[in-house]
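Residues per chain, in single letters:
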There are 2 protein chains.
Amino acid sequence: MTVPRLVLASRNEHKVIELRRILAESGLAVELLGVDAFGSDPGVPDVAETGATFAENALLKAHAVAAATGLPAVADDSGLSVDALGGMPGVLSARWSGRHGDDLANLALVLGQLEDVPDDRRGAAFHCAAALALPDGTERVGEGYWPGTLTRAPRGTNGFGYDPIFVPEGRTQTSAEMSSDEKDQESHRARALRSLVPIVEDLIAAGRLR
Amino acid sequence: MTVPRLVLASRNEHKVIELRRILAESGLAVELLGVDAFGSDPGVPDVAETGATFAENALLKAHAVAAATGLPAVADDSGLSVDALGGMPGVLSARWSGRHGDDLANLALVLGQLEDVPDDRRGAAFHCAAALALPDGTERVGEGYWPGTLTRAPRGTNGFGYDPIFVPEGRTQTSAEMSSDEKDQESHRARALRSLVPIVEDLIAAGRLR
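Bear in mind the structure is a predicted one, so any value in this text is a computation, not a measurement.

## Comments concerning the sheet that holds strand S6 (residues 166-168) of chain B
Residues and elements named next belong to chain B. The mixed open sheet is built from six strands, whose spatial order is S2-S1-S3-S4-S5-S6. The strands lining the two open edges of the sheet, one partner per strand, are strand S2 (31-34) and S6. With direction set aside, neighbouring strand axes in the sheet form an average angle of 35°. Bridge analysis of strand S1 (residues 5-8) against strand S3 (residues 73-82) gives two bridges, and the strand direction is parallel. Paired with Val7 across the two strands is Ala73, which belongs to S3.

Set out below in structure tokens:
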């Protein structure tokens with residue numbers, strides 16, 4: 001009996017290991033590959049993240065990788081929703097400052113925008129959508145949510161993006177002061193990926209993953 | 001018979017003239033003063049605009065000026081709500097870039113954040129809240145709304161703030177390409193101030209303004 005294979009739409013080895021662990025903990029017999037397994041150019045086009053929601057962006061990526069590899073593909077998209085910013089930066093988290101991927105500029109801008117916002121209105125949450133797409137166009141999405149509050153200055157060096165200013169509910173450390181293991185237990189990404197487990201189980205039971 | 005007096009919480013002569021014209025057009029016999037009428041320091045403290053809504057900020061300013069002058073006071077607060085930014089910059093319009101009052105930086109940041117947002121998702125609206133506060137604490141708020149869409153580059157030099165990138169519904173010019181007279185007819189500010197007219201009428205009829 002062969003084990004079903006899934007490909008994760010990411011070149012980040014940490015993400016591959018994280019999802020592999022989540023799948024193993026669930027007892028699912030699935031082989032997880034990273035996009036790198038298809039060589040340096042697996043024919044996956046760069047997908048513009050132009051969706052209005054995390055789910056749309058995750059689906060765009062998952063479908064592109066499923067089409068390029070011929071395998072069921074998992075992709076995720078995530079960001080920070082700040083109450084006092086009407087739920088933004090949201091899908092614009094990685095380019096909030098207008099410069100894509102400039103974590104420091106993005107974080108500094110959020111702190112500047114919230115400078116006059118009092119402590120009792122600094123609620124925020126990390127959101128993640130994890131999408132699974134099959135080469136035949138079938139799609140499923142799971143979502144994860146990590147509520148907390150924002151600090152007034154960055155703290156900690158573990159993590160990226162807005163981690164240094166995000167204090168998860170029930171904690172005093174920022175998520176950049178937590179260990180990777182702690183984050184992997186409770187983060188928005190972990191929750192979204194875990195929500196895919198029963199979806200994958202159902203697809204295996206239905207003979208749709210092989 | 002004396003004419004009731006109102007004070008506008010603004011040192012901007014254009015704003016004083018605009019409201020004076022709106023009151024005159026409505027046939028209301030009211031004398032409108034600017035804060036300047038109370039000298040260079042009328043004892044009005046600088047009010048931090050920390051409200052979560054335009055109405056809260058307008059009320060903060062109107063109450064402060066009513067308390068300092070002993071007269072009924074009108075104040076307004078306004079900003080731009082962008083659909084693709086979850087309704088922001090909103091109350092943070094004047095400090096969106098983290099630098100208060102830097103119109104060019106604020107506008108450039110919104111354009112940068114919307115760079116990948118397609119034309120059919122570039123809806124926006126200017127909002128204004130106009131508040132009236134009496135020295136006894138009585139308060140009323142009127143709101144005005146000016147819907148439109150955002151361009152991809154600034155156009156026009158008349159106006160300030162986000163005017164150069166805002167095209168009102170039914171027009172092709174930006175609000176910075178419209179004349180002041182045209183803007184004064186249909187803008188969010190004009191609509192909010194006009195919504196105060198029946199409120200002022202009621203207060204006069206009730207003998208609360210004199």
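## Looking at the nonpolar core
The nonpolar side chains of a soluble globular protein tend to be buried, and buried together. Core analysis: the biggest nonpolar cluster contains 76 residues, and Leu85, Trp96 and Leu150 of chain A together with Leu85, Trp96 and Leu150 of chain B have the highest contact counts within it. With near-sequence residues (within four places) excluded, Trp96 of chain B lies in contact with Leu85, Trp96, Leu109 and Gln113 of chain A together with Leu85, Met88, Pro89, Asn106, Leu109, Val110, Gln113 and Tyr162 of chain B.

## With respect to the pairing of strand S4 (residues 123-133) of chain B
Residues and elements named next belong to chain B. In terms of residue burial, S4 counts as a mostly covered element, since 10 of its 11 residues are buried. Inspection of the sheet shows S3 paired to S4 by 10 bridges, in the antiparallel sense. Following the sheet pairing, Asp76 is matched in S4 by Ala130. Pairing geometry for S4 and strand S5 (residues 139-150), over 11 bridges, is antiparallel. Note on S5: the bridge partner recorded for Ala129 is Glu143. Linking S4 back to S5 in an antiparallel pair, the connection comprises five residues, with Gly137 at a positive phi of about 100°.

## Regarding unusual backbone geometry
Cis geometry marks the peptide bond from Met88 of chain A to Pro89 of chain A; its omega dihedral reads 5°. Among the structural elements, Pro89 of chain A can be located in the loop between strand S3 (73-82) and helix H3 (103-113).

## Details of the sheet that holds strand S6 (residues 166-168) of chain A
Residues and elements named next belong to chain A. Ordered by their spatial adjacency, six strands build an open sheet running S2-S1-S3-S4-S5-S6, and the pairing between neighbours is mixed. The two strands at the open ends of the sheet, each matched to only one other strand, are strand S2 (31-34) and S6. Across the sheet, the axes of successive neighbouring strands diverge by a mean angle of 35°, strand direction being ignored. In this fold helix H2 (residues 54-69) packs onto strand S1 (5-8), S3, strand S4 (123-133) and strand S5 (139-150), with an angle of close to 160° to the strand it touches most, S3.

Analysis parameters
- Residues numbered from 1 in each chain as written.
- Chains lettered and ligands numbered in written order.
- Predicted model: local features only at pLDDT ≥ 70, side-chain atom pairs only at ≥ 80, totals over all residues.
- Heavy atoms only, no water.
- Pairing = 2+ DSSP bridges.
- Helix = DSSP H or I, 4+ residues; strand = E, 2+ residues; numbered from the N terminus.
- Axes fitted to C-alpha atoms, helices over the stretch in contact; angles between N-to-C directions.
- Core = buried A, V, L, I, M, F, W, Y, C linked by side-chain atoms within 4.5 Å.
- Buried < 20%, exposed > 50% of the residue type's maximum accessible area, 1.4 Å probe, protein only.
- Contact = heavy atoms within 4.5 Å.

Scope: geometric values only; no functional claims are made or implied.
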